[in-house]
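Observations on the three-dimensional arrangement
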Amino acid sequence: MSFAELGLSPEILRAVDELGYSEATPIQAKAIPLVLSGRDLLAAAQTGTGKTAAFLLPILERLKKFANPSVSPAMHPVRALILSPTRELADQIGVNAKAYTKHLPLRCTTIYGGVNMDPQTADLRRGIEIVIATPGRLLDHIQQKTIQLNKVDVLVLDEADRMLDMGFIQDIRKIMSLLPKQRQTLLFSATFAPEIKRLAADFMHDPQTVEVARQNSTNAQVEQLVYAVDSGRKRALLSHLIREREMSQVIVFCKTKISADQLSRDLKRDGHAAEAIHGDKAQSARLETLNSFKSGEVKVLVATDVAARGLDISELPFVVNYEMPNSPEDYVHRIGRTGRAGASGVAISLMSPDEVKQHEAIEKLTRQTLPPQTVNGFERRDASSAADSGFGSRNAGRERSDARPAREPRAERAERSERPERSERPERSERPERSERPERTERAPRAPRDLRDAATRSREQRDPQEGLKVARVGEIGGRILPQRQREVPALLLPPRYKVNQER
DNA sequence: AAAAAAT
């Protein structure tokens, strides 16, 4: 179906056309008329199928009646509020909104933390119809009375299930309490757990549900592979796969900020153009890293789940789960960074013996079997004792050899001859990971390394109380917990890996 | 046992 048939105005159609789009995707064809009708909506569609335009375009159409070139701020109250779980995603939605409003006198801006507040305040003072924000900084503006939300007609929760989970729900409730009761509420995501839908019922009025394909389903354009491998050999296998599959670019997902930093350091040492992105990096570095990945300068983006959702990197061919995600929903989102807008992609997950549970949860959520395979030269050390290797009996006999045989020895020889200095060192890949080395337990524990970003460290240098503040307040991973997060959450969601949980 | 999000 074409966008013109969906009841959008010429100014919007022109912007859409200039961006090179003519046909609406299924989620857009279904959601746009419903959003135009003013109904509340819960919309589920796979990753990379155009959810952002599915809410932005009809919102612009609805706000068109307010389009006004006047410079009087009073003429431009916030009419639409779009919330995102990460700053980078907020930024991306903002870029889209800017492009779609090109021919309409509607103003939009992006509000998130980690950057100077003054330009945001100045924008808000001038008057803005459309605000795209992350919750923390938005609340900051609310507190400082630099934003008014009493004229908001439409609220969008992008990545809605994430916005409603325990880490965000308090902020979202607070923000919603400041919005008019009479408003439209739109929830978009590729994944919706049943408990999230129940929770959504609290604040939606007679919502319509739109589903394109089953919720939680992965994009069929993405080929999914699971390789069983000992954790100590993951890094060697990753290097091998990058070479073997000639990965021009890849996002490699890690579970923690520390392992992301560690892996990017190791990959750089191995000669890969790798950079890490995670929440402890300064926002300027996060943005710079993402941009140099998009430009192709960085080949391997080592990321935490900060990059799991929403980010649109055109023609990204590969995603690797270096560590299986804690929640199976995040698997769906992670691999959704590839295979976008009709393109194909490959997602490879490296599964160590202690990650069988996550693998099972992923199979269950996505209702597909992902038989673990092995790569030649990277088989488990002792395949005969599957019982005590940690790989559950469920997977015994399910593994098969990789359809594409590995040429590990030859590849390594070739690389060594190109870089003779490398052969001087012991074969790193043969060594178990640090955490597995037995001598580690006999040593006195080392002081934890300071992994906080430079800005935090220099703040502490200027103000010695800074560190004490952290110690007093209590912290997780070097971050001060905001007051409200230490209160008992109003709603506790069930654990993710509960066996027999109805999906 | 995690990450994210305000300073």
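Quick caveat, the model's predicted, so the values are computed rather than measured.

What the rule picks out here adds up to 20 salt bridges. Note that Arg126 is salt-bridged to Asp123, the shortest N-O span being 2.7 Å. Residue Arg126 and its partner Asp123 are located together in helix α5 (residues 118–126), separated by 3 residues, close to a single helical turn. Measuring nitrogen to oxygen at the nearest pair gives 3.4 Å for the salt bridge that ties Lys257 to Asp280. Here Asp280 lies in the loop between β10 (274–277) and α12 (283–294) and Lys257 lies in helix α11 (residues 257–269), a separation of 23 residues in the sequence. On the basis of relative accessibility, which here comes to 10%, the residue Asp280 falls in the buried class. Connected through shared salt-bridge partners, Glu159, Asp161, Arg162, Asp165, Arg309 and Asp330 make up one network.

Here the UniProt feature "short sequence motif: Q motif" (unreviewed entry) sits at residues 1–29. The straight-line gap between the two end C-alpha atoms of residues 1–29 is 7 Å; of that span, 45% is helix and 0% is strand.

Looking now at the UniProt feature "domain: Helicase ATP-binding" (unreviewed entry) in chain A. Mapped onto this numbering, the UniProt entry gives "domain: Helicase ATP-binding" (unreviewed entry) at residues 32–210. Note that residues 32–210 is 40% helix and 17% strand, and that its end C-alpha atoms are spaced 11 Å apart.

Our focus in this paragraph is the protein's contact with DNA strand B. Close to DNA strand B lie 25 residues, the nearest being Arg137, Gly167, Lys257, Gly279 and Arg286. Of all atoms in DNA strand B that approach within 4 Å of the protein, 58% are sugar or phosphate atoms. Between DNA strand B and the protein, one listed contact pairs a phosphate oxygen with a backbone N or O atom of Gly114 at 2.9 Å. The greatest single-element share of the surface near DNA strand B, amounting to 4 residues, is contributed by helix α6 (residues 135–143). Of the residues in the surface near DNA strand B, the class split is 4 nonpolar, 12 polar and 9 charged.

Basis of the calculations
- What you see as residue numbers is a count from 1 along each chain, following the sequence as written.
- Lettering of chains starts at A and numbering of ligands starts at 1, both following the order in which they are written.
- Confidence filtering applies because this is a predicted model: local features only for residues at pLDDT of at least 70, side-chain atom pairs given and counted only at 80 or more, and all residues used for totals across whole chains, interfaces and linings.
- Excluded from the side-chain calculations are hydrogens and water; all other atoms, namely the structure's heavy atoms, are used.
- Any Lys or Arg side-chain nitrogen located within 4 Å of an Asp or Glu carboxyl oxygen qualifies as a salt bridge.
- Secondary structure elements are taken from DSSP: a helix is a run of H or I of four residues or more, a strand is a run of E of two residues or more, and numbering for both begins at the N terminus.
- Relative accessibility thresholds used throughout: buried, under 20% of the residue-type maximum; exposed, over 50%; partly exposed, between the two (1.4 Å probe, protein chains only).
- UniProt positions are given in the numbering used here, feature names are shortened, and annotations may be inferred rather than shown by experiment.
- Residues are labelled near a given molecule or strand when at least one of their non-hydrogen atoms is within 4 Å of it.
- Polar contacts, as used here, are pairs of N or O atoms within 3.5 Å; protein pairs need one atom able to donate a hydrogen and one able to accept it. Residues neighboring in sequence count only if both atoms are side-chain atoms.
- Throughout this entry, Asp, Glu, Lys and Arg are counted as charged residues, while Ala, Val, Leu, Ile, Met, Phe, Trp, Tyr, Cys and Pro are counted as nonpolar. The remaining residues, Gly among them, count as polar.

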